Amino acid sequence: MSQTVILHGQSQKLFAKGLIDKAPAGAVLTIREATRSVDQNSKLWAMLSDVSRAMPDGRRHTPEVWKTLFMHSCGHSVQFEMGLNGQPFPTGFRSSRLTKSQMSDLIETIYAYGAEKGVVWTEPEAQERAA
């Protein structure tokens, strides 16, 4: 039997402790930080689209390539392979595996880059933040 418990507060922690006390020998326990939220993911793609449309320094990239570039700048492992048409393309990265704090760092990196390059954000919150 598998059980997932999200530790929002003390009652969930007590429940998890009870599960540990009842666990059979050889059971495996994994505790990890929550992965990025749906809202963070939506914000990321809106920002990447804004950067792509802005074409900072004349750079024309798809939002997917911008994501790879920003993930690389945050220290996440990414690699580029040579495509069949001779053009490099990004592989080996998944923002869905980022934790909430890693995703926050990525978003902050994009904000900083966009502010430096004059990106106009489509999100009202981002427009206020950049001002």
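For the structure, see preceding data.
Quick caveat: nothing in here was measured; it's all calculated off a predicted structure.

The rules behind each value
- Each chain has its residues counted from 1, following the order in which its sequence is written.
- Where totals are concerned, whole chains, interfaces and linings use all residues; where local detail is concerned, this predicted model gives features only for residues with pLDDT of at least 70, and gives and counts side-chain atom pairs only at 80 or more.
- To get the side-chain values, all heavy atoms of the structure are used, and hydrogens and water are removed first.
- A run of DSSP states H or I qualifies as a helix once it reaches four residues; a run of E qualifies as a strand once it reaches two. Both are numbered from the N-terminal end.
- Every radius of gyration here is taken over C-alpha atoms, with the globule rule written as 2.2 Å times N^0.38, N being the number of residues.
- Buried means the residue's accessible area, taken with a 1.4 Å probe over protein chains only, is under 20% of the maximum for its type, while exposed means over 50%, and partly exposed covers the values in between.

Trainee: Is there a simple way to think about the overall build of the protein in this case?
Mentor: Each helix and strand counted, the protein has five helices and two strands in total. Tracing the protein from N to C terminus, the helices and strands come up as α-α-α-β-β-α-α. Here the C-alpha radius of gyration of the protein, 20 Å, is well above what a compact globule of 131 residues would show, namely 14 Å. With the principal axes as the frame, the protein shows a C-alpha extent of 60 × 40 × 20 Å. Looking at the 131 residues of the protein, the share that counts as buried comes to 27%.

Trainee: Even after reading the chapter, I still don't get the environment of Thr4, so can you show me in this structure?
Mentor: Along the chain, the position of Thr4 falls in the segment before α1 (10-22). Looking at Thr4, the relative accessible area reads 67%, which means it is exposed. Taking the C-alpha atoms as reference points, Thr4 and Leu19, separated by 15 residues in sequence, lie 10 Å from one another.

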